[in-house]
2 protein chains.
Amino acid sequence: MIESTLRLSTANLTELEHLALNSELNVADGHARQQLSEGQQRIIDELPTLFEKAAVQPVADLERDAHRAFFHLMGQQSYPIGPNPVLSCYASSVAMEILARSLVTKTDAVALIHPTFDNIPDILRGVGLRLVPLEEDPLHAGDLSSVVPPDVGCIFVTTPNNPTGRVLTRERLAELAAECRRKDVVLALDTSFRGFDTRSHYDHYAVLEASGCRWVVIEDTGKLWPTLDLKVGLLAYSENVGLPIPKIYSDILLGVSPFILALVERFAEDAAGDGLADLHAFVAESRRIVRTTLADVPGVSFPDPDSRVSVERVDLGGRRCADVWSALHERQVYALPCTQFHWADPSLGDRSLRIALARPHTSLRAAVRELRAVLLAH
Amino acid sequence: MIESTLRLSTANLTELEHLALNSELNVADGHARQQLSEGQQRIIDELPTLFEKAAVQPVADLERDAHRAFFHLMGQQSYPIGPNPVLSCYASSVAMEILARSLVTKTDAVALIHPTFDNIPDILRGVGLRLVPLEEDPLHAGDLSSVVPPDVGCIFVTTPNNPTGRVLTRERLAELAAECRRKDVVLALDTSFRGFDTRSHYDHYAVLEASGCRWVVIEDTGKLWPTLDLKVGLLAYSENVGLPIPKIYSDILLGVSPFILALVERFAEDAAGDGLADLHAFVAESRRIVRTTLADVPGVSFPDPDSRVSVERVDLGGRRCADVWSALHERQVYALPCTQFHWADPSLGDRSLRIALARPHTSLRAAVRELRAVLLAH
C-alpha cells in the first residue's frame, strides 16, 4: 500500500521495511526472523499451558519474573524495583515515545548519537525537540566535555548502536554519566541490541546509579528471538530523573499482556542455558556469509569489523545506495539504504546498505547472492 | 508501586486501575477478564498451530483476514483497503497517540466528548492541544451547528461512550459528518466498546465516506475477549484526511505481531457464530447482578438504563465517590471513581462510580456485595 506512493529519498526506514514484509528475500528490518531453535520450539509447543499460567498468576509476579530473567541474561544484576519500577511497554518504540513526550515537558533540545535508526530522531523531532548530532568517534574516545553541549536537556546514545554495532564500554559510560551529572543533563540509552554483544553485558544501571546522574534506559526483548513480535520494550529510569515518565506511561497503557510477560520469561530462561551462545554463533555465521559472499566484489568493504549485532553495514565502494537499492528491489530483495540512519547528514550514508542478519541462512545467502550480482553489474 | 505515592484526587484512571491489578475483587479496568468460553478455549488449545500458521503466512494476508473478520463482526461491510489502508496498532491508545500527534501538526484545538475516559483528554492535552468540551445531550439531539465550534480542527466522539454507553445513531452520525464537512473539521470516533452494542453495528465508514468529511476511526479488539491483552487497536482514516497519520505510525511501529493478527481472526470467527450473542447475554447478566444487588440501597440509581457496554455507572445518591472508593479500597475492592471521566468539570462525577462488568460472575457478585455493605454504612 505504501509502495504505490513511496519515494526512496523521502521514505523513512520503517516504510522501506514495510515494503519488504511480504518478500522471501527480506533482509531489511532488524526483527528476529530466524527459525526457532529446538528449545524455543518446545516453549511454543506449550503455549496453551503458558496461557493458562498467565491467566491465573498475579500480573505483578509475571512481570517481576520476566524482568528478572531478561535483565540477568543481559548482565544486569541491578535494576529499579522500588518507587520507580521498570515499566513494561508494548515495544521499545512505545517506550521511546513516552520518553520523548516526557522530555519535551522539561527541555527543548537533545544531543543524539549520529548515525542511528531514524525513528529515534523522528520521534524526538515529532514531539517538538531540537536535535544536536553526537558523532560516534568523540563519543567513544577523547575529551567528553565537548560531547555534552551546554544547551541540551538530554544526551541520547544507542549502545550497541544500530547500524554500526559500536558499544559504550563500562569505563566510557561511567565518564559520560559523570559528565551528565556535572551538567545536570539526562543520560538516555537505547540498548535494544545489547543481547547480541556480551561486551555490553555489564551492569549499566549500577554504573549510572553510582554516578548520581539522571538517567533513562530503553531495553527491548524484540530483537533476539523469533517470537513473531510478541515482545516487550522496557523503560527504566532513575528515581531522580525529574521527568513525568510514569504519568505519561499511564496515559498510553495500563500494562502489557501477561501472556507476553510469561513468554519472555521462558525465552530468557532458555537463552540463559545454551540459547544465547547458540544465537551469537548463528549471527556470527550470518555475518560470515555476508562477508565471504561479497569478498571478491571490487570496492566493497565492511565498515564495522568488530560488530556483533544482528545487522551488518556494507560499504558499496562508491556505488550509490539508491541505485543498488532499486536494482535489488527489482529482484524482490529488500535491504535498507544507510542514508536515513545519518539523520543529520544523509549524504554520509548514501554509499552503504544495511543487511539484517537474523534470517534463516538459506534466505540470507540467496539475498546476498542477489546483492553480489547487482554490485558486480554496477 | 504506584500505591505508595498515589493520591486519589490527582491520580488518573489508569493509575487507579493499576492498583487493582493484583486484587481478586478488581472491577476497575474495562479489560475483558471473564472466563474463556468453550469455543475460545478450543482456540487457545491450538495456539502452537496458530503460531506456526502465523510464522509461514504472509503478514499482509494475516492482516487482511483479521481486519475482515473483525470489521464484519462489527457490522462494517466497508473499510479502507486502498491507498490508505487501516493501520494495525499495539492498542487503541497507541492509535490515539498517533492521531493526537498527527492532529497537532495541523490544529491547536479539539472538541471532545464529555465525559469520557481520561486518557483521551490526557493524550490530546499531552501533545499540546487545547480541548473544548462537547456535552452528550447536545451531541445526541437538537441543533448541531453549535456542537461543532468554529475554532477547532477536530471533533472527537467516543461511541458507545465510556462510561455512559450512549451510542451515536446512524442518522445522527450522518448529520454530524455533514456538519464537519461544512466546517472542514476532522470527525474522529473512538468505537472501542462497539462490540457490546448491536445498535452501533452499522456501517460507520459508509456513512462517513458518503458525507465527504475528513474522518478518523479508532477501533479496538481488546475489550471483547479474555485474550490476556493480546489485542490490536485499529486506526482507519479517510483518504482526504490531510493528517500525517501513516508517517507518524511508521515512526512508532512497523506492524503488530502476526500471531496476534491470527488470534484476532480466530476469536472474531468464533464470535460470528454464537460467541458474540453469548457475550452480550453474559454482560447483560453482569449488569443485572449489579442492579439487583444494589436495588434496595437508599439513594442509589443507575444513570445509564439503556447501556449495553461492559461497564456500568452507579449513582451513589449523594455519597461522595472518594469516600466510597476509599472504603472499598480497605476491603481490597477496586472500582473507578467517575470524577476523572468528567475531564472538563470533575465535580460532575464525584457522586458516582464505574463498575467493570467483564468479570466472572462470582467475582463480580462478591465485589458488588462489598460495595452494597459500604453504601449501607455511608
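Only a predicted model underlies this, so the values are computations on that prediction, with no experimental measurement involved.

About the cut-offs
Residues numbered from 1 in each chain as written. Chains lettered and ligands numbered in written order. Predicted model: local features only at pLDDT ≥ 70, side-chain atom pairs only at ≥ 80, totals over all residues. Heavy atoms only, no water. Axes fitted to C-alpha atoms, helices over the stretch in contact; angles between N-to-C directions. Helix = DSSP H or I, 4+ residues; strand = E, 2+ residues; numbered from the N terminus. Parallel < 35°, antiparallel > 145°, perpendicular 65-115°, else oblique. Left-handed = near helix turned anticlockwise from the far one by under 90°. Contact = heavy atoms within 4.5 Å. Nonpolar A, V, L, I, M, F, W, Y, C, P; charged D, E, K, R; others polar. Domains from an automatic or database assignment. Buried area = accessible area lost by both parts, 1.4 Å probe. Salt bridge = Lys/Arg side-chain N within 4 Å of Asp/Glu carboxyl O. Polar contact = N/O pair within 3.5 Å; in protein donor to acceptor, adjacent residues only side chain to side chain. Pairing = 2+ DSSP bridges. Core = buried A, V, L, I, M, F, W, Y, C linked by side-chain atoms within 4.5 Å. Buried < 20%, exposed > 50% of the residue type's maximum accessible area, 1.4 Å probe, protein only. Least-squares fit on C-alpha atoms with pLDDT ≥ 70 in both.

A. Fine view of the packing of helix H11 (residues 258-293) of chain A against helix H13 (residues 361-377) of chain A. Residues and elements named next belong to chain A. Running from N to C, H11 and H13 cross one another at 20 degrees; their axes reach a closest spacing of 9 Å. By the angle class used here, H11 and H13 are roughly parallel. Both H11 and H13 take part in a crossing whose hand is right-handed. For the pair H11 and H13, contact is made by Phe 282, Glu 285, Ser 286, Ile 289, Val 290 and Thr 293 and by His 361, Leu 364, Arg 365, Val 368, Arg 369 and Arg 372, respectively. Of the residues contributing to the contact of H11 with H13, the split by class is 5 nonpolar, 3 polar and 4 charged.

B. Spatial organisation of the domain arrangement of chain A. Residue and element names in this part refer to chain A. Per the domain assignment, the segments of chain A are domain 1 (2-38 + 273-377) and domain 2 (56-268). Taken residue by residue, the interface counts 31 residues in domain 1 and 35 residues in domain 2. Of the roughly 2,700 Å² buried where domain 1 meets domain 2, counting both sides, 62% is carbon and sulfur surface. Contact with domain 2 buries area across many residues of domain 1, yet Arg 308, Phe 341 and Trp 343 alone supply 28% of it, more than any other trio. The interface formed by domain 1 and domain 2 contains 1 salt bridge. Linking Arg 308 and Asp 197 is a salt bridge whose minimum nitrogen-to-oxygen distance equals 3.6 Å. Applying the counting criterion to the domain 1 and domain 2 interface returns 10 residue pairs in polar contact (both at pLDDT 80 or more). Going through the elements one at a time, helix H1 (13-20), H11 and strand E9 (311-315) are the ones with two or more residues in the side of domain 1 that touches domain 2. Residue composition of the side of domain 1 that touches domain 2, grouped by class: 13 nonpolar, 11 polar and 7 charged.

C. Focus on the environment of A:Arg320. All names here are of chain A. Inspection of the secondary structure assignment puts Arg 320 in the loop between E9 and helix H12 (321-330). Separated by 282 residues in the primary sequence, Arg 320 and Glu 38 place their C-alpha atoms 41 Å from one another. Not counting chain neighbours up to four residues away, the residues in contact with Arg 320 comprise Asp 350 and Arg 351.

D. Seen up close, the sheet that holds strand E2 (residues 87-89) of chain B. Residue and element names in this part refer to chain B. The strand order across the open sheet built from 7 strands is E2-E8-E7-E6-E5-E3-E4, with neighbouring strands paired in mixed fashion. In this open sheet, the two edge strands, each paired with only one partner strand, are E2 and strand E4 (130-135). Going across the sheet, the axis of each strand differs from the next one's by a mean of 20 degrees, ignoring polarity. Relative to strand E6 (residues 186-190), strand E5 (residues 154-158) runs parallel, the two sharing 5 bridges. What sits directly across from Phe 156, in E6, is Ala 188. The sheet strands contacting helix H6 (residues 119-126) are strand E3 (109-114), E4, E5 and E6, and the helix crosses E3 at an angle near 170 degrees.

E. Main features of the nonpolar core. Counting 254 residues, the largest nonpolar core has A:Phe259 and B:Phe259 as the members making the most contacts within it. B:Phe259 has contacts with A:Leu47, A:Leu228, A:Leu230, A:Phe259, B:Leu47, B:Leu50, B:Phe51, B:Ala54 and B:Leu230, leaving out every residue within four places of it along the chain.

F. Up close: the side chain of A:His361. All names here are of chain A. As for its placement among the helices and strands, His 361 is situated in helix H13. Judged by its relative accessible area of 17%, His 361 falls in the buried class. Engagement of the side chain of His 361 in a polar contact is seen with the backbone oxygen of Phe 282, the distance being 3.2 Å. If near-sequence neighbours (up to four positions away) are discounted, His 361 is found in contact with Phe 282, Glu 285, Ser 286 and Ile 289.

G. Molecular detail of the pattern of salt bridges. One pass over the full model with this rule turns up 60 salt bridges over all chains. We note a salt bridge from A:Arg359 to A:Asp29, for which the minimum N-O separation is 3.3 Å. In this pair, A:Arg359 is assigned in the loop between strand E12 (352-356) and H13 and A:Asp29 in the loop between strand E1 (25-26) and helix H2 (38-45), connecting sequence segments 330 residues apart. Take A:Arg359: its relative accessible area is 4%, and that puts it in the buried class. Between B:Arg313 and B:Asp304 there is a salt bridge, with its nearest N and O atoms 2.9 Å apart. In this pair, the class of B:Arg313 matches that of B:Asp304, namely buried. Three or more residues joined by partner-sharing salt bridges are found here, namely A:Asp61, A:Arg64, A:Asp65 and A:Arg68.

H. How the structure looks around the interface of chain B and chain A. Taken residue by residue, the interface counts 54 residues in chain B and 54 residues in chain A. For the pairing of chain B and chain A, the buried interface totals around 4,400 Å² over both sides, and the portion due to carbon and sulfur atoms is 64%. Area buried by chain B at its contact with chain A is led by B:Phe51, B:Leu228 and B:Leu254, which between them contribute 18% of it. Along the contact surface separating chain B from chain A lie 4 salt bridges. The salt bridge involving B:Lys247 is made with A:Glu15; its shortest N-O contact spans 2.8 Å. The tally of links between chain B and chain A comes to 16 residue pairs in polar contact (both at pLDDT 80 or more).

I. Seen up close, the relation of the copies chain B and chain A. The two copies are related by a screw motion: chain B maps onto chain A through a turn of 180 degrees and a shift of 0.0 Å along the axis, at an RMSD of 0.0 Å. Both copies are brought into coincidence by an operation consistent with a two-fold rotation axis. Looking at the interface residues of chain B, 100% of them are also at the interface in chain A, so both copies use one shared face.

J. The packing of helix H4 (residues 59-73) of chain A against H11(A), seen in detail. Residues and elements named next belong to chain A. At their nearest, the axes of H4 and H11 sit 8 Å apart, and the two run at 30 degrees to each other. Classified by the angle their axes make, H4 and H11 are roughly parallel. Considering how the two elements wind past one another, H4 and H11 form a crossing that is left-handed. Listed contacts from H11 to Val 59, Leu 62, Glu 63, Asp 65, Ala 66, Ala 69, Phe 70 and Leu 73 of H4 are Pro 258, Leu 261, Ala 262, Val 264, Glu 265, Ala 268, Ala 271, Ala 272 and Leu 276. Classifying every residue of the contact of H4 with H11 gives 14 nonpolar, no polar and 3 charged.

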